[in-house]
Amino acid sequence: MVDFASFLSKTLIGSHGQELLIEGKGLLTFKNSQSVVELVMLLCSQEWQNSLQKHAGLAFIELINEGRLLSHAMKDHIVRVANEAEFILNRMRADDVLKHADFESQCAQTMIERRDEETMCDHLITAARRRDNVIANRLLEKVANILSHKHGAWGYNEETRFEFTAI
């Protein structure tokens, strides 16, 4: 309204021939008003309604029709964009589900491998303990045999027998 004030002031004329936009507070209301109620009250006044209907009725009807067409086009566009967004989100969800399933599969495989490694380590540790136990028992038997056998290093003959007593 402010940009086209010079044209509209000649077009929008009151019932008594007065310029509605320039005279009074019409242009000031459009320039300075921050209240929607004030603008609506100005445009809904009888003088403005009569002038708009008489001089700009066809233009306003076309403007309203353009607004309706634009509104429908915007609605269709928003619906299309929303459908595309939903399709993309569904595809992303499906990818997430596949990635999650792959992750769970890898976790299960890793857990099986770790269990196998743990079982193998337990088996090796148990085998090493048994081997060490067998070797220790054999060494103990050899030492006991050396100590107690009469032909061993500390074996004794009846004639060379020494007795040690505590003092």
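Since this is a predicted model, take the numbers as computed values, not measurements.

## So, the overall build of the protein chain
- Helix and strand content of the protein chain: four helices and zero strands.
- The linear arrangement of helices and strands in the protein chain, starting from the amino end, is α-α-α-α.
- In the protein chain, buried positions account for 11% of the 167 residues.
- Carbon together with sulfur atoms contributes 60% to the accessible area of the protein chain, which is approximately 14700 Å² in total.

## What to know about the pattern of salt bridges
- Within the structure shown, the criterion is met by two salt bridges.
- We note a salt bridge from Glu117 to Arg114, for which the minimum N-O separation is 3.4 Å. Linking Glu117 with Arg114, this pair stays in helix α4 (residues 46-148), spanning three residues, or about one helical turn.
- The partly exposed category is assigned to Glu117, whose relative accessible area is 44%.
- For Arg131, the salt bridge goes to Asp132, with nearest N and O atoms at 3.5 Å.
- With a relative accessible area of 44%, Asp132 lands in the partly exposed category.

## Some thoughts on a nonpolar patch on the surface
- A contiguous nonpolar surface patch, about 390 Å² in accessible area, is contributed by Phe87, Ile88, Leu89 and Met92.
- Residue placement: Met92 occurs in helix α4.

The rules behind each value
Residues numbered from 1 in each chain as written. Predicted model: local features only at pLDDT ≥ 70, side-chain atom pairs only at ≥ 80, totals over all residues. Heavy atoms only, no water. Helix = DSSP H or I, 4+ residues; strand = E, 2+ residues; numbered from the N terminus. Buried < 20%, exposed > 50% of the residue type's maximum accessible area, 1.4 Å probe, protein only. Areas by Shrake-Rupley, 256 points an atom, 1.4 Å probe, with all protein chains shown as cover. Salt bridge = Lys/Arg side-chain N within 4 Å of Asp/Glu carboxyl O. Patch = residues over 30% accessible without salt bridge, like charges linked within 9 Å, V, L, I, M, F, W, Y side chains within 5 Å.

Honestly, that's just the spatial picture; any functional story needs more than this.
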